[in-house]
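Architecture at a glance
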Amino acid sequence: MPTVTKVRKEWSDDRSRRHIKGVCTAGDFYHSRKEVVDGIDSGQRWVTAAGGSEAVIRKMPYCPVGVCLATPYITTRADSSRDDNLENLPEC
Ligand SMILES: [Zn+2]
């Protein structure tokens, strides 16, 4: 079960904001969004861990912001606590 502790961000295509480029697991091992989605598709359970809680990472077809067409994209559930929300993790 890969546990994500940090995220790496990049500017969206329209430069409106920074979105998730990939994630880092313990030891700052980097994994692209595609690698995470491929893992989920092959049955792996990817989670975030922060502040003593965890959230399951799920895939989305596209980045949810504006006209950004980054694909595939990843997110945690909307009811996640603030700390373990994927977008709020520290950067790696
Ligand atoms: Zn985006």
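A few points on the structure. Please read these numbers as outputs of a predicted model, since none were measured by experiment. (Residues numbered from 1 in each chain as written. Predicted model: local features only at pLDDT ≥ 70, side-chain atom pairs only at ≥ 80, totals over all residues.)

**Structural notes on the overall build of the protein**
Where we set the bar: A run of H or I in DSSP becomes a helix once it reaches four residues, and a run of E becomes a strand once it reaches two; helices and strands are each numbered from the N terminus. Using C-alpha atoms as the atom set, the radius of gyration is obtained and then compared with a globule rule of 2.2 Å times the number of residues to the power 0.38. Counting other C-beta atoms within 10 Å of each residue's C-beta, where C-beta atoms are placed from the backbone, gives the exposure class: buried for 20 or more, exposed for 12 or fewer, partly exposed between.
Within the protein, the secondary structure is distributed over one helix and six strands. Scanning the protein from its N terminus toward the C terminus, one meets helices and strands in the order β-β-β-α-β-β-β. Its C-alpha atoms give the protein a radius of gyration of 12 Å, within 12% of the compact-globule value 12 Å for 92 residues. Across its three principal directions, the C-alpha atoms of the protein cover 35 × 25 × 25 Å. Out of the 92 residues in the protein, the part that is buried amounts to 22%.

**Re unusual backbone geometry**
Of note, the amide linkage connecting T71 to P72 takes the cis form, showing an omega dihedral of -10°. The topology assignment puts P72 in the loop between β5 (53–60) and β6 (73–76). Located in the positive-phi region is D28, a residue other than glycine, with phi close to 60°. Along the chain, the position of D28 falls in the loop between β2 (18–25) and β3 (29–32).

**Quick notes on the sheet that holds β2**
Counted only if it meets this: By the convention used here, strands pair only if DSSP detects at least 2 bridges between them. Geometry is summarised by axes, namely lines fitted to C-alpha atoms with helices restricted to the contacting stretch, and by angles between N-to-C directions that run from 0 to 180 degrees.
A sheet is described by the order of its strands in space; here six strands give the open sequence β3-β2-β1-β4-β5-β6, paired in mixed fashion. Pairing within the sheet leaves two strands with one partner each, and these edge strands are β3 and β6. Direction aside, the axes of adjacent strands within the sheet are offset by 45° on average. Here four bridges tie strand β4 (residues 47–50) to β5, and the two strands are oriented antiparallel to one another. Note that in β5 the partner of A49 across the bridge is E54.

**Focus: the pairing of strand β1 (residues 3–11)**
Here two bridges tie β1 to β4, and the two strands are oriented parallel to one another. By the bridge assignment, T3 is partnered in β4 with V47. Here β1 pairs with β2 via seven bridges, running antiparallel. Note on β2: the bridge partner recorded for V7 is V23.

**Description of the environment of K21**
Note the following rule: In this description, a residue-residue contact is defined by the distance between C-beta atoms placed from the backbone, which must lie within 7 Å.
On the secondary structure map, K21 appears in strand β2. For the pair K21 and M60, spaced 39 residues apart in sequence, the C-alpha separation works out to 14 Å. Beyond its immediate chain neighbours, meaning those up to four positions away, K21 contacts R8, K9, E10 and R33.

**With respect to helix α1 (residues 33–41)**
As a reminder, the rule being used: Arc definition: it is the arc formed by the directions from the helix axis to the C-beta atoms.
Of the positions making up α1, those classed as buried are R33, V36 and V37. Seen from one end, α1 has its buried residues packed into an arc of 95°, which puts them on one side. For α1, the secondary structure elements touched by its buried residues are β2, β3, β5 and β6. Downstream of α1 by a residue or two, G43 has a phi angle that is positive, lying close to 100°.

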